[in-house]
Amino acid sequence: MSVRLYVLAFLITTISFALVPTGLTAEEWVFVDLKPKANSRLDQQWWTGEKAASTLSFLPIGKTEDFAGPNDKKVKFKIEKECVVVFGTNAAKWPKKIAGIKTDPKVQKVSFVHFLHASGWEDNVAPSYKFIMHYDDNSKAELEMQSGINSDDWCHDDSKLQDKNSVWGWIKKEGAPCGHAGLITTKWKNPKPNKGIVSIDIESLGTGAVPVIAGITLGDVSLNVDVQKKLTTKWGVLKGRI
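Residues numbered from 1 in each chain as written. Predicted model: local features only at pLDDT ≥ 70, side-chain atom pairs only at ≥ 80, totals over all residues. Heavy atoms only, no water.

**Regarding the state of the cysteines**
Reasoning step 1: Within the structure shown, the criterion is met by 1 disulfide.
Reasoning step 2: The disulfide that involves Cys155 links it to Cys178, with 1.9 Å between the sulfurs. On the sign convention where negative means left-handed, the S-S torsion of about 80 degrees between Cys155 and Cys178 marks this disulfide as right-handed. Of this pair, Cys155 sits in the loop between strand S9 (140-145) and strand S10 (166-172) while Cys178 sits in the loop between S10 and strand S11 (181-189); the two residues are 23 residues apart in sequence, bridging distant segments of the chain.
Reasoning step 3: The class of Cys178 is partly exposed, set by a relative accessible area of 35%. (Disulfide = S-S within 2.5 Å. Helix = DSSP H or I, 4+ residues; strand = E, 2+ residues; numbered from the N terminus. Buried < 20%, exposed > 50% of the residue type's maximum accessible area, 1.4 Å probe, protein only.)

**Regarding the pattern of salt bridges**
Reasoning step 1: Inspection of the entire model under this criterion finds 13 salt bridges.
Reasoning step 2: A salt bridge links Lys97 to Glu203, with the nearest nitrogen and oxygen atoms 3.9 Å apart. Residue Lys97 is located in strand S6 (residues 97-102), and its partner Glu203 is located in strand S12 (residues 197-204); the two are separated by 106 residues in the primary sequence.
Reasoning step 3: Exposure remark for Lys97: the relative accessible area of 40% places this residue in the partly exposed category.
Reasoning step 4: Assessed through its relative accessible area of 22%, Glu203 is described here as partly exposed.
Reasoning step 5: Close ionic contact of Lys106 with Asp104 constitutes a salt bridge, the shortest N to O distance being 3.3 Å.
Reasoning step 6: With relative accessibility at 23%, the residue Asp104 sits in the partly exposed group. (Salt bridge = Lys/Arg side-chain N within 4 Å of Asp/Glu carboxyl O.)

Below you can see the structure in the form of structure tokens.
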């Protein structure tokens, strides 16, 4: 193809992007980074902060892997050594709320949010903690977590959860302090799928259960396309063919 035709193609591409200044691209999974708000670690005793291994030390730290999810579908979580722990009366040193866990700023639409979590100790009488999702229009939605329903003590990995959207996502039959433990995958359907979720809070509801959150993943997401970057890449490809 001649230089003239490549220049023409570039001009058409430029005009096309100019007419559509922003676009959306679909992603099956978008991971939420817990590190800026993390206050404990998975490679030590997460409930005390002491430098001693526990069952969660066997998690695939530093990797992105599939975990069991509702309806026998796998859910991807990116596991870092950092995690979030909030208050329970059995471990009162932890904060009662962790606010402002940011999502990717390019997120425009979210169908689902997946949580990888459990608690130390349990309370079957009332919800022990909740997730608060903040939208880009300043509204919010909440998901309450209760032992035996959509949460449980991490050492009760053989228990059956009542919530159809919560399953034991990861179980390991070794490690301290119980010789076995696990984490739960909970799938939350966004009631406002056409809104972007800009941040997530985790709040204790003051029971004896001490929540630990090891991962959060957004599912079926629409992200803003960086049009300028796409244009630069396109032109780079065209130049390479001249």
